[in-house]
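# Descriptive analysis of the structure
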Amino acid sequence: MRRKVQILALLLLNLAFLPRTSRAQAGAAFVSLGEISVSSQAEGGRPTLVKQTFEQVIVAEFRQLERSQVRSSSQRSFVLATTLLELRTLRSGKNIETSCVVSAILRDADGGAIQSILKGAASVHDEGSYDPASARIALAAAIRGVMTRVSQAVTQS
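The structure contained in this document is the topic of the report that follows.

Conventions and cut-offs
Residues numbered from 1 in each chain as written. Predicted model: local features only at pLDDT ≥ 70, side-chain atom pairs only at ≥ 80, totals over all residues. Heavy atoms only, no water. Helix = DSSP H or I, 4+ residues; strand = E, 2+ residues; numbered from the N terminus. Buried < 20%, exposed > 50% of the residue type's maximum accessible area, 1.4 Å probe, protein only. Contact = heavy atoms within 4.5 Å. Areas by Shrake-Rupley, 256 points an atom, 1.4 Å probe, with all protein chains shown as cover. Salt bridge = Lys/Arg side-chain N within 4 Å of Asp/Glu carboxyl O. Patch = residues over 30% accessible without salt bridge, like charges linked within 9 Å, V, L, I, M, F, W, Y side chains within 5 Å. Core = buried A, V, L, I, M, F, W, Y, C linked by side-chain atoms within 4.5 Å. Pairing = 2+ DSSP bridges. Polar contact = N/O pair within 3.5 Å; in protein donor to acceptor, adjacent residues only side chain to side chain.

Quick look at the overall build of the protein chain now. For the protein chain, the helix and strand inventory stands at four helices and five strands. Ordered by position from the N terminus, the helices and strands of the protein chain form the series α-β-β-α-α-β-β-β-α. Expressed as a percentage of the 157 residues in the protein chain, the buried residues total 38%. Within the protein chain, contacts between residues at least 6 apart in sequence are counted, and of these 65% link residues at least 24 apart. Within the structure as shown, the protein chain displays about 9400 Å² of accessible surface, and the carbon and sulfur contribution to it stands at 53%.

This is the structure:
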């Protein structure tokens with residue numbers, strides 16, 4: 001019994017580290033979500049919280065990409081690596097601006113050749129007081145911009 005529990009635990013652990021993939025019906029491109037990283041400039045003294053939030057939003061937006069069934073003229077496989085370059089909040093008088101910049105590299109899964117370098121940016125403006133949701137909104141909008149460009153890059157490849 002104990003051996004079965006250990007084997008089950010190992011299987012679940014392996015599943016947790018499998019790349020998240022996107023492959024729809026025939027004719028669809030295959031896109032794996034690769035490395036997710038946060039630059040030290042974007043951490044803002046809260047590296048764990050920023051990385052966790054970035055990963056959560058990336059995965060949620062990637063699932064939207066999966067549902068869109070990205071089409072390609074070939075059935076090539078791609079890997080998407082994403083980096084949060086900037087996430088900062090600036091105050092100027094009563095105005096508060098939270099901005100976010102995300103970059104991504106779409107590469108061929110087989111040879112590793114870079115297919116496209118993508119960038120998404122967004123900002124949220126608050127007046128008066130800071131809204132903690134602003135950072136997540138800016139983050140999601142920047143990531144959505146990248147994911148839209150992933151669909152375009154795969155279609156053109």
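On inspection of all chains with the given rule, the structure shows four salt bridges. Here Glu 86 makes a salt bridge to Arg 88, at a shortest N to O gap of 3.2 Å. Take Glu 86: its relative accessible area is 23%, and that puts it in the partly exposed class.

Time to look at the side chain of Ser 134. Position of Ser 134 relative to the elements: it lies in helix α4 (residues 133-156). When residues no more than four places from it in sequence are discounted, the contact partners of Ser 134 are Thr 98, Val 124 and Asp 126.

The next point concerns the environment of Ser 40. If you trace the backbone, Ser 40 turns up in helix α2 (residues 40-43). Accessibility expressed as a relative area gives 62% for Ser 40, which makes it exposed. Placed 45 residues apart in sequence, Ser 40 and Leu 85 show a C-alpha to C-alpha distance of 8.1 Å.

This next bit is on a nonpolar patch on the surface. Together, Ile 105, Ile 114 and Ile 117 make up a nonpolar patch on the protein surface, roughly 300 Å² of accessible area in all. Structurally, the position occupied by Ile 105 is in strand β4 (residues 95-108).

Formed by 33 residues in total, the largest nonpolar core has its most connected members in Phe 54, Leu 80 and Leu 84. Of all the elements, α4 adds the most residues to this core, at eleven residues.

Walk down a regular strand and you will see the side chains alternate between the two sheet faces. Pairing between strand β2 (residues 30-38) and strand β3 (residues 77-92): seven bridges, direction parallel. Across the sheet, residue Val 31 finds its bridge partner in β3, namely Phe 78. When β3 meets β4, the two strands line up antiparallel, connected through 14 bridges. The partner of Leu 80 across the bridge, within β4, is Leu 106. As consecutive antiparallel partners, β3 and β4 are separated by two residues, and within that stretch Gly 93 has a phi angle of approximately 65 degrees, a positive value.

Residue placement: Asp 108 occurs in strand β4. In this structure the side chain of Asp 108 is engaged in a polar contact, spanning 3.4 Å, whose partner is the side chain of Arg 76.

None of this, on its own, says anything about what the molecule does.
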